[in-house]
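# Descriptive analysis of the structure
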Amino acid sequence: MKIIGTDRQGNTKDVEGRDGWSVMEILRDAGFDIAAECGGACACATCHVYVTGDWYEKLPAPSEAEIDMLDMALAVEPGSSRLSCQIICSEATDGIQVTVAPE
Amino acid sequence: MTAAPIETDVVIIGAGPIGLFAVFELGLLDLKCHLVDILDRPGGQCTELYPEKPIYDIPGLPIVTGQELVNKLMEQIKPFGAQFHFGEMATALERQADGRWKLKTDAGTEIIAHVVVVAAGAGSFQPKRPPVAGIEHFENAGDGIGVHYAVRKMESFRGKNILIAGGGDSALDWTINLAPIAKSLTLVHHRDGFRAAQHSVNQMRELEAAGKVKFHVASVKAMHGEPGKLAAVTLAGADKGEWQHEADAFLPFFGLTIKLGPIAEFGINLHENLIPVDTARFESQTPGLFAIGDINTYPGKLKLILSGFHEAALMSQAAFHIARPNEKLRFQYTTSSSNLQKKLGVS
């Protein structure tokens, strides 16, 4: 299962996802500059990404907690912004396109 | 007026769980500590990011929240009388002629110590800065004008056109508090909903209904004006496209993020924003300067609170030999040593 990740400089690369891991973990381990200060607890909004293509609609809707936490993110784009620690890799996310949001 | 420098044994940068536990381990060895932290209370990430979230991997505590752990650590170190300098950022560190360190803070505090312990986690918490081109030209512009990440002098905003961005408690609280004195007050947020307390949201809605506050689902795309003198911003909304909005002051409230900060300028050898240490003493490559917790790195490092506790214990042994070069370190257990129990105030 692939994640097509784009960094803040606009460089795109394919990264292999792992079932049950969060997109944040996969991107961070692949060297993307994602702070993820709280370590994936949906408590800091520093793993903010834009989900592009039609992937926002394909994903399970964000939880109340994630919607609340996005209020602390910068440059939120409704219909695209997600916290990558809350997107879990699975066969259903194969090919997902995400862009790391500005700091 | 500058106060005389404080003299102590150890100065700890960072009052998170590891900095706090270091007070305990150093205290058992009779070393006195001062702690500096940019936040206004102890706990670091534990209390700033996840005070209510449970932690399950603290040995002996099957479940504890970030706030509870910090409360317990504060109780545990109480006998040692550490001095806290909250709301201060450690800004400069220099070695004195006598071999001791002098640490300065942005509040003008100067602390002289035999040993410096950096327990700063990922660095210092600082306000999130919106990614708007040129925003830095409008920061530090003066009271009541330009970009402010906190309100220190409320009165300075009287009669100003104020723009607030964000959807949390700070954004809503300052909307409510500044609306009565502002010439105009506009709140922008990316959605028509807020994570702030419900009663604050209700108050804001009342002000909006009364015409005292304007609210737009929008975000700031550009800032206009001479450097230091904000005149207007470009707002972009979902439906109305982009428009210009007159503003003297822009107050973005998106919480805090962690930046390494001035530690990078201390002359410490860094590797990817971490301080390499040895695993016997947890000392950096600069003698007398130690790093424990998330800020350090060594082969096999795990960023766990329990690892930081271990690091604090070993660091303290090494620190003792620097602070008390002529004394013999007596290794004792709190269970059996009446001497240690006296220090803890339990015997």
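Description of the structure in this document. Predicted, not measured: the structure shown is a model, and the values here were computed from it.

Further remarks concern the nonpolar core. With 72 residues, the main nonpolar core has B:Ile12, B:Leu26, B:Val118, B:Ile292 and B:Met315 as its most contacted residues. Look past the residues within four positions of B:Val118 in its chain and what remains in contact with it is B:Ile13, B:Ile263, B:Ile268, B:Ile275, B:Leu289, B:Phe290, B:Ala291, B:Ile292 and B:Ile295. Core analysis: the second largest hydrophobic core is formed by 29 residues, A:Met24, A:Val51, A:Leu59 and A:Val76 among them.

Moving on to the pattern of salt bridges. Within the structure shown, the criterion is met by 26 salt bridges over all chains. Between B:Arg191 and A:Asp68 there is a salt bridge, and its shortest N-O distance comes to 3.3 Å. Of the two residues, B:Arg191 sits in the loop between strand E12 (184–189) and helix H5 (198–209) while A:Asp68 sits in helix H3 (residues 64–69), which places them in two different chains. Note that B:Glu94 is salt-bridged to B:Lys104, the shortest N-O span being 4.0 Å. Here B:Glu94, found in strand E6 (residues 90–95), pairs with B:Lys104, found in strand E7 (residues 101–105); they are 10 residues apart in sequence, far enough to count as distant.

Now for the packing of helix H1 (residues 17–28) of chain B against helix H6 (residues 305–323) of chain B. All names here are of chain B. Following both chains from N to C, one finds H1 and H6 inclined at 40 degrees, their axes separated by 9 Å at the closest point. Our classification of the angle between H1 and H6 gives oblique. For the pair H1 and H6, the crossing hand works out as right-handed. Contacts from Pro17, Ile18, Phe21, Ala22, Glu25 and Leu26 in H1 reach Ile305, Gly308, Phe309, Ala312, Ala313, Met315, Ser316 and Ala319 in H6. For the contact of H1 with H6, the residue count by class is 11 nonpolar, 2 polar and 1 charged.

Conventions we followed
Residues numbered from 1 in each chain as written. Chains lettered and ligands numbered in written order. Predicted model: local features only at pLDDT ≥ 70, side-chain atom pairs only at ≥ 80, totals over all residues. Heavy atoms only, no water. Core = buried A, V, L, I, M, F, W, Y, C linked by side-chain atoms within 4.5 Å. Buried < 20%, exposed > 50% of the residue type's maximum accessible area, 1.4 Å probe, protein only. Contact = heavy atoms within 4.5 Å. Salt bridge = Lys/Arg side-chain N within 4 Å of Asp/Glu carboxyl O. Helix = DSSP H or I, 4+ residues; strand = E, 2+ residues; numbered from the N terminus. Axes fitted to C-alpha atoms, helices over the stretch in contact; angles between N-to-C directions. Parallel < 35°, antiparallel > 145°, perpendicular 65-115°, else oblique. Left-handed = near helix turned anticlockwise from the far one by under 90°. Nonpolar A, V, L, I, M, F, W, Y, C, P; charged D, E, K, R; others polar.

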